[in-house]
Amino acid sequence: MSTKYGLVGYNSSRKHISISIPSSTEVMSPHIKSVEELRVLGINLSSLSAPTQFFICVAGVFLFYLIYGYLQELIFSVEGFKPFGWYLTLIQFGFYSMFGLVELQFTQDKRRRIPGKTYMMIAFLTVGTMGLSNTSLGYLNYPTQVIFKCCKLIPVMIGGVFIQGKRYNLTDVSAALCMSLGLIWFTLADSKVAPNFNVTGVMLISLALCADAVIGNVQEKAMKLHNGSNSEMVLYSYSIGFIYILGGLLCVGGLGPAVAFCSEHPVKTYGYAFFFSLTGYFGISFVLALIKLFGALVAVTVTTGRKAMTIILSFMFFTKPFTFQYIWGGLLVVFGIFLNVYSKNKEKMKLPTLKDVRSWLLTKKKVRFLSQNV
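- The protein chain carries the name Adenosine 3'-phospho 5'-phosphosulfate transporter 2 in an unreviewed UniProt entry, which gives Xiphophorus maculatus as its organism.
- The record held by UniProt for the protein chain lists under Sequence similarities (unreviewed entry) the comment "Belongs to the nucleotide-sugar transporter family. SLC35B subfamily."
- Taken verbatim from the UniProt record of the protein chain, the Subcellular location (unreviewed entry) comment is "Membrane".

Quick look at the structure:
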């Protein structure tokens, strides 16, 4: 039997929200490897082919996270809001928890499959990566913050080796290096033109990077080992994280000033934060689907490419000077994405060897010589 916790009305016949948690007497295999049914925002991806699944997930990540990035920069452009990054994260986690609870009601199996201790660790890492990242925007300009976050490709690969025992080939390593170096080149150009550098911001985003490098591998391992759903992962990790942040703000006395400021600007703070959280929730649902279907490295590669597009949109909507270094950095990122895609589809995308190129050139030269003699 499962123990159920719910919000029950005065009449027992009324519908109520419920979350099922396996009791100690229920035995559930800890080594469920198959994905029975994977739904993202009502879309059943399980019955689709792998390329279609990948296309839908990538489209979802790009669409919702591009809007997410725009709203994030827009919120921090509100005068006086920069010191309240942790309060924004608290609001964000609260909305995510509500969205996850609503989505969970549309799933048939409401059991919590992943252990509570694992969720406590995932919540701690999530608080670190999102809270520190949001707070760093109070000390760094947006492109500088993005470039630090993009450098998590290599730490994710290192985390995959130590946490899951994975082994990556030279192509994967080259892809990670190309994308990271390209984005560094791309964004440093903006840092030179409009520097807004602060040691505190660097420390915050570096700590966020460390947490971000670990969380993808921990999520992938937990979801594959226990076959947890996306809505379950979001609900428990963000609701526990909400408690962490709320306790921290109460301890340091940061809750009162933030509430007072946001009350004076409700539309530009709570209004923007709602849509910021909504698009972020939709985006994280597609990221979790990518992690579950294709692994943490593919998910990070896609999100890193999305960050490059976010930077481009940042220049379009928020006035910034232009330099050709952006183009060269962008091309290096595109090459890194190509290397990663090629690494996953070597059989379908066989590149010509040096011997093949030499043979083709000799054949072409011979045909040209014969045509001249005719």
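So, next bit.
Thoughts on empty space enclosed by the protein
1) Next: As enumerated under the stated definition, the model contains 3 cavities of 30 Å³ or more in all.
2) Next: Looking at the second largest cavity, its volume works out to about 50 Å³.
3) Next: Elements represented by at least two residues in the lining of the second largest cavity include exactly helix H1 (50-76) and helix H11 (296-317).

So, the packing of helix H3 (residues 116-136) against helix H7 (residues 199-226)
1) Next: It is at 8 Å that the axes of H3 and H7 come closest, and there the two elements cross at 150 degrees. Here H3 and H7 pass one another in a crossing that is left-handed. Between H3 and H7, the contacting residues are Thr118, Met121, Ile122, Leu125, Thr126, Gly128, Thr129, Leu132, Ser133, Thr135 and Ser136 on the first element and Gly201, Leu204, Ile205, Leu207, Ala208, Ala211, Asp212, Val214, Ile215, Val218, Gln219 and Ala222 on the second.
2) Next: Considered class by class, the residues forming the contact of H3 with H7 number 13 nonpolar, 9 polar and 1 charged.

Some thoughts on helix H2 (residues 85-104)
1) Next: Along its 20 residues, H2 runs 28 Å from first to last C-alpha, staying within 8% of the 28 Å computed at 1.5 Å per residue.
2) Next: Burial analysis of H2 places 16 of its 20 residues in the buried class, the great majority of the element.

Topic: the packing of aromatic side chains
1) Next: In the structure shown here, the tally under the stated rule is 20 aromatic pairs.
2) Next: Judged by centre distance (6.2 Å) and plane angle (45 degrees), the ring pair of Phe81 and Phe261 falls under tilted. With a gap of 180 residues between them, Phe81 in the loop between H1 and H2 and Phe261 in helix H9 (residues 255-264) connect regions that are remote in the sequence. Exposure class is identical for Phe81 and Phe261. Each is buried.
3) Next: Ring pairs connect the aromatic residues Phe64, Phe93, Phe95, Tyr96, Phe99, Tyr238, Phe274, Phe275, Tyr281, Phe282 and Phe286, which therefore count as one cluster.

Some words on the nonpolar core
1) Next: One finds Phe81 and Tyr87 to be the most contacted residues of the largest nonpolar core, which totals 69 residues.
2) Next: Ignoring any residue separated from it by four or fewer positions in sequence, one finds Tyr87 in contact with Leu249, Leu255, Ala258, Val259, Cys262 and Tyr270.

Some remarks on the environment of Lys221
1) Next: Structurally, Lys221 can be placed in helix H7.
2) Next: Judged by its relative accessible area of 41%, Lys221 is partly exposed.
3) Next: Lys221 sits 70 residues away from Ile291 along the chain, and the two C-alpha atoms are 9.5 Å apart.

The rules behind each value
Residues numbered from 1 in each chain as written. Predicted model: local features only at pLDDT ≥ 70, side-chain atom pairs only at ≥ 80, totals over all residues. Heavy atoms only, no water. UniProt positions renumbered as here; feature names shortened; annotations may be inferred. 1 Å grid on protein atoms, 1.4 Å probe; cavity = no way out; pocket = protein on both sides within 12 Å on 5 of 7 lines; lining within 4 Å. Points joined across faces, edges and corners; volume = space filled by probe spheres on them. Helix = DSSP H or I, 4+ residues; strand = E, 2+ residues; numbered from the N terminus. Axes fitted to C-alpha atoms, helices over the stretch in contact; angles between N-to-C directions. Left-handed = near helix turned anticlockwise from the far one by under 90°. Contact = heavy atoms within 4.5 Å. Nonpolar A, V, L, I, M, F, W, Y, C, P; charged D, E, K, R; others polar. Expected span 1.5 Å × (residues − 1). Buried < 20%, exposed > 50% of the residue type's maximum accessible area, 1.4 Å probe, protein only. Phe/Tyr/Trp six-rings, centres within 6.5 Å; stacked < 30°, edge-to-face > 60°. Core = buried A, V, L, I, M, F, W, Y, C linked by side-chain atoms within 4.5 Å.

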